[in-house]
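Geometric and topological summary
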Amino acid sequence: MNEAESTAWKALEALPKRRLSELFADAGRVDALTAVLDLPGGPVRFDWSKTHLDAGLLSGFTALAEACDFDGRRAALFSGERINVTEDRAVQHTAQRGVGSEEAVDEAGALHARMRSLVEAIHGGLLGDVKHLIHIGIGGSALGPALAIDALTRDGAMCDVHVVSNIDGCALEAAFARCDPATTLVAVASKTFTTIETMTNAASALAWLGENGVADPYGRVIALTASPDKAVEWGVDETRVLPFSESVGGRYSLWSSIGFPVALALGWDEFASLLDGAAEMDRHFLTMDGAENLPLRAAFSDLMYTRLRGCQTRAVFAYDERLRLFPSYLQQLEMESNGKRVRADGSPVDGPTAPITWGGVGTDAQHAVFQLLHQGTVITPIDFIAAIQPGDALDPAHHRTLLTNCFAQGAALMAGRESDDPARAYPGDRPSATILCDEINAATLGALIAFHEHRTFAAGVLMGINSFDQFGVELGKEIARSIDAGGASFDASTTALLAAAGLG
Ligand code: F6P
């Protein structure tokens, strides 16, 4: 940490820790900490007033951002500098949305044109009657497509898509049970085209097609990858390989050809709307300064809770069934990006890094985990996400109750309630932020995801972390390979487990 950063942190630590009730004595607080962005999918309201941010903290964190050269790091991201220093790569997911260096934007545009041709050819019947797509991928090659398809195909889809990630054959079998092999395509989505889960599932899907009367199973496969040579070597015809750039990280790849199943299910225009919504958020993030920059403001709040108030987790509750997969999407985005213990230069970090991201869907979660949030001994900052327009056509009572409960939770957590009976007392002063969309559509979803990508990047900059590598996942993979290879020796517990499962 440089001297200016250390000075900024000391100043932040010296600030008083005020209660929310005290902060709300300021009549201008809600306006000061709420912003409505007019986005392509409709307005979205970002209300951070029920967090403990105040003017002192905002200016303290703004000073920290300056000390960390936030503006310079942001410019480096968008200009295509090799900011992923440990892997010596640029980070160009925003270019997929049309915001970035000219060269990267042009390359992404050309690859999108290729993807669009294939999507439209399939819709036009060039690959025969296609009713189902089994999309096989894991982590960033699955979570984005699964979220977008689950959120946006409630009113029907041009293709029935099943996202399969787990190596557990039960997952693939469940997809087989719902698809007719004669009208099924298989998308193999893997940046590296080496991931064991994906390649094993892909081989089994090919076998299933072959065993069920499909004469040329490889002819039914589309590869989505940054390693096109490996896909061709594996047997996919070059015309059905949709490449994307190495500089697009796995957990940031929904915008690339990894989004193929989304385009196939929704049509190209909707996929383009997803990109447009994200691009508008990119422009906001690129141009707004200091705490007016909403992803940066959210990162200030995140660091306030982890580093100044000792919170080890943060929870996200989508009060919208269509966004039920959003928390698991964010888990990979935030925990794989910022769950680090060294800074980009290899030196140890100076405090806690990413909190554990968890969450669920409202109102279900209220009846399961909210007890701890209201009365437990740990403080968990919460994000609520909701939409004003309902996604359903039932009695408006459904949506009304959904929204009133969402807002009631934020109010109750903050206000608390005194009682002579300790079991019935609520301490209050529990923070939350609310993101209130006008409606959930492709553009809004794109903007929501991009908001969180930039929030994660901004938090990484403020902690001095490289948010774009993920070496922490490698050791376990390596050990699994050495078990498979045989001959390796392990600790007594692992040896006994392997023997018990007949694998020793
Ligand atoms: O193991 C972690 C990871 O590398 C993620 O970062 C990535 O999204 C996932 O595996 C899948 O990787 P691939 O797309 O190369 O199959």
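Scroll up a little and you will see the structure.
Right, let's walk through the structure included here. (Residues numbered from 1 in each chain as written. Predicted model: local features only at pLDDT ≥ 70, side-chain atom pairs only at ≥ 80, totals over all residues. Heavy atoms only, no water.)

Comments concerning the pattern of salt bridges
Applying the stated criterion across every chain yields a total of 29 salt bridges. Notably, a salt bridge pairs R343 with D350, separated by 3.1 Å at the nearest N-O pair. Classification of R343 by relative accessible area gives buried; the value is 11%. The class of D350 is partly exposed, set by a relative accessible area of 39%. Ionic contacts of the salt-bridge type, sharing partners, join the residues D302, R314, E334, D383 and R455 into one network. (Salt bridge = Lys/Arg side-chain N within 4 Å of Asp/Glu carboxyl O. Buried < 20%, exposed > 50% of the residue type's maximum accessible area, 1.4 Å probe, protein only.)

Observations concerning the sheet that holds strand β4 (residues 160-164)
On the basis of which strands lie adjacent, the open sheet formed by five strands has the order β4-β3-β5-β6-β7 and parallel pairing. On the outer flanks of this sheet lie β4 and β7 (241-243), each paired with one strand and no other. Neighbouring strand axes in the sheet, compared pairwise and without regard to direction, differ in orientation by 20 degrees on average. As paired elements, strand β3 (residues 132-136) and strand β5 (residues 184-189) share five bridges and run parallel to each other. Paired with H135 across the two strands is A187, which belongs to β5. Packing against the sheet, helix α10 (residues 196-211) makes contact with β3, β4, β5 and β6 (221-225), and its axis sits at approximately 165 degrees to β5. (Pairing = 2+ DSSP bridges. Helix = DSSP H or I, 4+ residues; strand = E, 2+ residues; numbered from the N terminus. Axes fitted to C-alpha atoms, helices over the stretch in contact; angles between N-to-C directions. Contact = heavy atoms within 4.5 Å.)

Quick look at the nonpolar core
Within the largest apolar cluster, 104 residues are counted, with the highest numbers of intra-cluster contacts made by F61, F260 and L445. Sorting elements by how many residues they give to this core places helix α18 (residues 442-463) first, with 13 residues. The two domains that each donate at least three residues to this core are domain 1 (3-67 + 288-469) and domain 2 (99-269). What L445 contacts, discounting residues up to four positions off in sequence, is L147, A148, A151, L152, L274, L323 and F326. Membership of the second largest hydrophobic core comes to 22 residues, among which are F193, L209, A223 and V236. (Core = buried A, V, L, I, M, F, W, Y, C linked by side-chain atoms within 4.5 Å. Domains from an automatic or database assignment.)

Points about the packing of helix α13 (residues 268-287) against helix α14 (residues 294-308)
At a minimum axis separation of 8 Å, α13 and α14 run at an interaxial angle of 70 degrees. Classified by the angle their axes make, α13 and α14 are roughly perpendicular. Of the residues in α14, those touching α13 at M281, H284 and F285 are L294, P295 and L296. A per-class count over the contact of α13 with α14 returns five nonpolar, one polar and no charged. (Parallel < 35°, antiparallel > 145°, perpendicular 65-115°, else oblique. Nonpolar A, V, L, I, M, F, W, Y, C, P; charged D, E, K, R; others polar.)

So, a negative patch on the surface
There is a patch of like negative charges on the surface, built from E102, E103, D106 and E107. With respect to the helices and strands, the residue D106 is situated in helix α7 (residues 102-123). (Patch = residues over 30% accessible without salt bridge, like charges linked within 9 Å, V, L, I, M, F, W, Y side chains within 5 Å. Areas by Shrake-Rupley, 256 points an atom, 1.4 Å probe, with all protein chains shown as cover. Lys, Arg positive; Asp, Glu negative; His and termini not counted. Charge placed at Lys NZ, Arg CZ, Asp CG, Glu CD.)

A few points about the site of the ligand
The immediate surroundings of the ligand are formed by 14 residues, with S141, S190, T192, T195 and E336 found nearest. Taking S190, its side chain carries an N or O atom lying 2.6 Å from an oxygen atom of the ligand. With respect to the ligand, the side chain of Q332 contributes an N or O atom lying 3.3 Å from an oxygen atom. For the ligand, the protein covers 88% of the area, taking 390 Å² as the surface of the free molecule. When grouped by side-chain class, the residues that make up the shell around the ligand number two nonpolar, nine polar and three charged. (Near = heavy atom within 4 Å. Polar contact = N/O pair within 3.5 Å; in protein donor to acceptor, adjacent residues only side chain to side chain.)

Digging into the sheet that holds strand β1 (residues 34-39)
Spatially, the six strands line up as an open sheet ordered β1-β2-β11-β10-β8-β9, and their pairing is mixed. The open sheet has two edge strands with one neighbour each: β1 and β9 (356-361). Averaged over neighbouring strand pairs, the angle between their axes works out to 15 degrees when direction is ignored. Taken together, the five bridges between strand β8 (residues 313-319) and strand β10 (residues 382-387) define a ladder with parallel strand orientation. Bridge pairing in β10 places A315 opposite I382. Sheet contacts for helix α15 (residues 326-338): β8, β9 and β10; angle to β9, the most-contacted strand, approximately 170 degrees.

Observations concerning the environment of R74
Within the fold, R74 resides in helix α5 (residues 70-79). Look at R74 and you get buried, because its relative accessible area is 6%. Beyond its immediate chain neighbours, meaning those up to four positions away, R74 contacts F285, L286, T287, M288, D289, N293 and F457. A polar atom in the side chain of R74 sits 2.9 Å from the backbone oxygen of M288.

Here we look at the state of the cysteines
Cysteine pairs can be linked by a disulfide, which is a covalent bond between their two sulfur atoms. Taken as a whole and assessed by the stated rule, the structure comprises zero disulfides. The thiol of C311 is not disulfide-bonded; the next cysteine sulfur, from C406, is found 20 Å away. Cysteine C406 shares no disulfide, and the gap to the nearest cysteine sulfur, in C437, comes to 11 Å. (Disulfide = S-S within 2.5 Å.)

As for the side chain of D282
Relative to the helices and strands, D282 is located in helix α13. Judged by relative accessible area, which is 0%, D282 ranks as buried. Among all residues touching D282, those that are not within four sequence positions of it are F78, T94, R97, V99, A450 and H454.

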